[in-house]
Amino acid sequence: MITRREFGKYGLAAGLTAGVMRPAWAADAADIAVKAAQKYKGTTISIVWEAGLQALDPIHFSGPKWKELTGMDVKVVEVQTAEMFTKIMQDYRSGAGGYDALNVVPSWMPDLAQAGALEVLDPYVDKFGYRDALKTIAPVFRDNWMKANGKIYAFPDDGDVFLMYYRTDIFGDPKLQAAYRAKTGKDLAVPKTWAEFDSVGQFLTDKLAPKMYGASFFRQPPYAIFMFEERFRNEGGKFFDADTMKATINSPIAVKVLTDMRAENKFMPPGVEQFGFVENLAAFLQGESAMTISWPPYGRWAEGYGTDQEALKWVPKTTIAGKVGYALPPGGHPELALGFDLAVASTSRHKEAAYLFIQWLNSPKISLERVKLPYTLRDPFREAHYTDPGYLSLWPNAKYYLAALKKASETGLLDLSLLQTDKYEEVLRQMMSRLWAGDDPKAIADKAAADWDAVTKRIGVAKQQAVYKAWAAGSGAYPKM
Amino acid sequence: MAQTATLEARAGATAIARQPDWSFRYWLIAPAVFLLLLIGLFPLIYSLIVSFQGITMMTNDTSYQGFVNYARLFEDTRLWWSLAHTLLITAIALPIELGLGLAMAYLFLEPMRGRQVFVSLLVVPTVISPIVAGSTWKLMFDNRYGPINQIIGWLAGHPVVALWTVHPKLVYPAIIVCEIWQWTPFMFLILLAALSNVDRSQLEAAEIDGAGFWRTFRLIVLPAIWPVMAIALIIRGLDLVRIFDIIWALTMGGPGTMTETISVYTYIQGFQQFEISYTAAIAFLVIIFLTVIVIAVIRRAGLVK
């Protein structure tokens, strides 16, 4: 018979043995964060989050759950994407310390890190044993979205990437297949190159418009710049001459890309130049276009996943559930457009508490729950997210969706990320708006290149060159031709 | 002599008696003066100092940089274009708002049924935030969902694709329409008040003498309402020079930089690109520019005698 004292002794010994034998990485990162954060009970931390659907995660799910587990309150500061960088920098420059944790777009990292707005996370990562859990993040995000100057400043937390969505019923229609073969001598297949895309898109519009168009894209400049960045590199373009840092976005490749982009509008719905994320979503979900390229939520909503939720009432009712296919965009190297990282503000008065919250959010266990939330826009970013049985069974085609996302993460291209990235992006936004306005592609590409050169000169050629070379050396900067 | 001495003594006594009174007055206005200095003068002086420094997103360089930022103003063609766009919008919108406002004021000058209801409804646009007005008009101009193109399509008898916020020939009309819709009622209200105070007896005398409408307007009405009208023009003119919200909501300054105004450009430089010191220099350029214009207009309008 074992006495209570002996039971305790053996139990303690067993626990210690298990503790010693169990590898440190096996300890659950979420539990570690919760346990450590309990000493901050009663503390309120504020976190900057993209306004709208994204913010429903901390408002309805992670915030309340964190409070339940730790007693800490989470104040969510919702900010429009276009204003996030400004607000974060304003808070930092003013020294107000209004924000503790931050959602940041990865391409802002060089600026935010250099300015000193972000807290270096390495000491916390080591203190709370999170380094091994970071290794399970998909390589392209882990290797490119986490560090600046060799230090960890943020955790990749949203695997944004462009995918092509297409109508399987249209591409599988025998009559259309026969007609396309008769016209081109080729099979009607999901396009793998932009030339194929133009051919298929024009053919479908000729056959089906005005009921349906071959394709529709978002064309508003803030979105269109990412499509340009992606396509330009898929066609072999480089942003700069790495030796001189002269902009090369007016190369013949760039002019061709711009010319083709505008020409494609002719087989898209009238007024496509005004399409943003929602207009394009509506066109696709209502069966008005046969192909589109966008961020992952399109794929979920097209299948009707989660659209019965109150928060998604605004999403147009899908008419194409069960008829949606997923593929890589033409060229095969999709843009890892925008995305989000979690970081800690250097001016925070609760740095450790904020860190623990983001470790918990980002941990394998909690992040898996978060990327499956139907009402937010968080997309898979850990290896396990793409193969999770629960996710694979969310709708009949989910396995194809996740397989396409995984493939996209392996071949995806990073957003251009330099010092003062927004200055370069602003030039691209102007370039795209002039393109839709009808200006000469060569003239606007030349102007954009000249503007980029002026920005580089102002920042300092050598300084920017070092940042560009580091970025260009990354695994997702340019496709391997 | 004694009387003089008495008078001097009285004056002295009064002066002594008044001294605490003066001091009390200063104490009374001191908080207001302090507040004005704090929220008005201090930021102005601080901005002036910053404009001679080199603060950007990348560096917090507060060392004296001389006139570098002011010299940069002269090389910055985008800045001067934005100023030109601002003046263009002002030159088009202001006369139209004045003309429409005056016409509406004349219309509602005479008593009519439901006058108060109509006036209240007409004033509604001015109480809407300009950013909301801009966003609403952006929806109105939307090719896919907006009513404007639908109405044009009905009139034309076929669908019309007019990209109001994209096409170079349509963006300015779109901005002007939105601006006029929102601010003509302001002109209308001010001018209605001014017209209501025109001396009726002079108008009746002119009518008896056989003066026509234009003659009466030019020689009696206009001089009577001019001080109020000039103030309304200055207020609206200044508003138009700092126009931001409507343009930001409709075009964000595009296509390219075609509709970028001085306020839009300043915002981009200051709050998107964090060229803090350069933005301060732009702000001072605008202050000087506006001050010169306002002084000239006030003198020309004879508002200060």
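Basis of the calculations
Residues numbered from 1 in each chain as written. Chains lettered and ligands numbered in written order. Predicted model: local features only at pLDDT ≥ 70, side-chain atom pairs only at ≥ 80, totals over all residues. Pairing = 2+ DSSP bridges. Helix = DSSP H or I, 4+ residues; strand = E, 2+ residues; numbered from the N terminus. Axes fitted to C-alpha atoms, helices over the stretch in contact; angles between N-to-C directions. Contact = placed C-beta atoms within 7 Å. Parallel < 35°, antiparallel > 145°, perpendicular 65-115°, else oblique. Left-handed = near helix turned anticlockwise from the far one by under 90°. Nonpolar A, V, L, I, M, F, W, Y, C, P; charged D, E, K, R; others polar. Buried ≥ 20, exposed ≤ 12 C-beta atoms within 10 Å, placed from the backbone.

Colleague: I tried to follow the sheet that holds strand 8 (residues 291-294) of chain A on my own but got confused; where do I start?
Modeller: Residue and element names in this part refer to chain A. Spatially, three strands are ordered 8-7-9 in an open sheet, and the strand pairing comes out antiparallel. Of all strands in the sheet, those with a lone pairing partner are strand 8 and strand 9 (324-327), marking the two edges. The mean angle between the axes of side-by-side strands here comes to 25 degrees, regardless of whether they run parallel or antiparallel. Across four bridges, the pairing between strand 7 (residues 163-167) and strand 9 is antiparallel. Its bridge partner lying in strand 9, Tyr166 is registered against Gly325. Together, strand 7 and strand 9 form the strand contacts of helix 20 (residues 398-411), whose direction differs from that of strand 9 by roughly 20 degrees.

Colleague: What am I meant to see in the packing of helix 2 (residues 29-37) of chain A against helix 16 (residues 351-362) of chain A here?
Modeller: When two helices pack together, their arrangement is given by the angle between their axes and by how far apart the axes lie. All names here are of chain A. Direction vectors running N to C along helix 2 and helix 16 enclose 155 degrees, while the axes themselves pass 8 Å from each other. Relative to helix 16, the element helix 2 lies roughly antiparallel. Regarding helix 2 and helix 16, the two cross each other, and that crossing is left-handed. Contacts between helix 2 and helix 16 involve Ala29, Ala30, Ala33, Val34, Ala36 and Ala37 on the former and, on the latter, Ala353, Leu356, Gln359 and Trp360. Within the contact of helix 2 with helix 16, the residues separate by chemical class into nine nonpolar, one polar and no charged.

Colleague: Is there a simple way to explain unusual backbone geometry in this structure?
Modeller: Glycine aside, residues mostly have negative phi angles, and peptide bonds mostly take the trans form. In this structure, Pro210 of chain A follows Ala209 of chain A across a cis peptide bond, with omega equal to 5 degrees. Across the junction of Gly254 of chain B and Pro255 of chain B, the peptide omega takes the value 0 degrees, indicating a cis bond. Phi angles above zero are rare outside glycine, and Leu338 of chain A is one such case at about 60 degrees. Among the secondary structure elements, Leu338 of chain A is positioned in the loop between strand 10 (335-336) and strand 11 (340-344). One non-glycine residue, Phe274 of chain B, adopts positive backbone phi at about 55 degrees.

Colleague: What exactly am I supposed to notice about the sheet that holds strand 1 (residues 44-50) of chain A here?
Modeller: Consider a sheet: its strands pair through backbone hydrogen bonds, and that pairing is either parallel or antiparallel. Residue and element names in this part refer to chain A. Spatially, five strands are ordered 2-1-3-11-6 in an open sheet, and the strand pairing comes out mixed. With one partner strand each, in any of the chains shown, strand 2 (73-79) and strand 6 (154-158) form the two edges of the open sheet. Strand-to-strand twist of the sheet, defined as the mean angle between neighbouring strand axes without regard to direction, takes the value 25 degrees. Here helix 4 (residues 81-94) sits on the sheet in contact with strand 1, strand 2 and strand 3 (101-104), set at roughly 140 degrees to strand 1.

Colleague: Whenever I open this one, the environment of Ile32 of chain A confuses me. Can you help?
Modeller: Residues and elements named next belong to chain A. Locating Ile32 in the fold gives a position in helix 2. What makes Ile32 buried here is the crowd of 20 C-beta atoms within 10 Å. Remark: the alpha-carbon pair of Ile32 and Tyr130, spanning 98 residues in sequence, is separated by 9.1 Å.

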